[in-house]
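Here is what each chain is made of, one letter per residue.
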Amino acid sequence: MEYYNDKKNQAAAKIFFMLAQMIVLAMVYILVYTSFVAVQFAIKEYALSPLMYFPVAVALVVFPILLYKYRQMFNAGRMLAAFTWMMATASLIIVLLYVYVAQITG
């Protein structure tokens, strides 16, 4: 008789979470790149300061750090909280970048 072992489920969950993190990172970075292009357009069109790149650069640097923290949270056993925080911060960064670009180009 075979005993139930949760190690296989935990390993699969880690792989699933890592794949989800890569997909979310790709989506956020696509929007970060688009924001860089939009800010570059706004700088040329409206003669703005190059400091307008700063919020986009912050999103570029901060999001991978947050993903690392969420992976630590996931490995510590707080799987649902890590997944929820990952999706929430990705959504927040996307919305904030959209609002920022809309403000400087409109």
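For the structure, see preceding data.
Residues numbered from 1 in each chain as written. Predicted model: local features only at pLDDT ≥ 70, side-chain atom pairs only at ≥ 80, totals over all residues. Heavy atoms only, no water.

A.B. asks: Can you break down unusual backbone geometry residue by residue, with the values?
C.D. replies: Phi at Ala47 is positive, roughly 55 degrees, even though this residue is not glycine. Looking at the secondary structure, you find Ala47 in the loop between α1 (7-46) and α2 (54-75). Judged by its relative accessible area of 69%, Ala47 falls in the exposed class. (Helix = DSSP H or I, 4+ residues; strand = E, 2+ residues; numbered from the N terminus. Buried < 20%, exposed > 50% of the residue type's maximum accessible area, 1.4 Å probe, protein only.)

A.B. asks: Explain the nonpolar core to me, and be specific about the residues and the numbers.
C.D. replies: Counting residues in each nonpolar core, the largest one holds 22 residues, and the members touching the most others are Val28, Phe63 and Met86. Of all elements in the fold, only α1, α2 and α3 (79-105) reach the threshold of two or more residues within this core. Sequence-distant contacts of Val28, that is, excluding residues within four places in its chain, are made with Phe63, Ala90, Ile93 and Ile94. (Core = buried A, V, L, I, M, F, W, Y, C linked by side-chain atoms within 4.5 Å. Contact = heavy atoms within 4.5 Å.)

A.B. asks: I'd like a description of the side chain of Gln21, backed by residues and values.
C.D. replies: Locating Gln21 in the fold gives a position in helix α1. Residue contacts for Gln21: discarding those within four places in its chain leaves Leu67, Tyr70, Arg71 and Met86.

A.B. asks: Pulling in residues and values, what's your account of a nonpolar patch on the surface?
C.D. replies: On the surface, a cluster of nonpolar side chains totalling about 500 Å² of accessible area is made up of Phe54, Val58, Leu60, Val61, Val62 and Ile65. Tracing the backbone through its elements, the reader meets Val61 in helix α2. (Patch = residues over 30% accessible without salt bridge, like charges linked within 9 Å, V, L, I, M, F, W, Y side chains within 5 Å. Areas by Shrake-Rupley, 256 points an atom, 1.4 Å probe, with all protein chains shown as cover. Salt bridge = Lys/Arg side-chain N within 4 Å of Asp/Glu carboxyl O.)

A.B. asks: An account of α3 is requested, with residue identities and associated values reported.
C.D. replies: Compared with the 39 Å implied by 1.5 Å per residue over 27 residues, the 39 Å span of α3 between its first and last C-alpha is a close match. Listed in full, the buried residues belonging to α3 are Ala82, Met86, Thr89, Ala90, Ile93, Leu97, Tyr100, Val101 and Ile104. (Expected span 1.5 Å × (residues − 1).)

A.B. asks: Could you give an account of the packing of α1 against α3, with specific residues and numbers?
C.D. replies: Orientation of α1 relative to α3, taken along the N-to-C sense of each, is 10 degrees, at an axis distance of 10 Å. Regarding the angle of α1 to α3, the classification is roughly parallel. The class makeup of the residues in the contact of α1 with α3 is 22 nonpolar, 3 polar and no charged. (Axes fitted to C-alpha atoms, helices over the stretch in contact; angles between N-to-C directions. Parallel < 35°, antiparallel > 145°, perpendicular 65-115°, else oblique. Nonpolar A, V, L, I, M, F, W, Y, C, P; charged D, E, K, R; others polar.)

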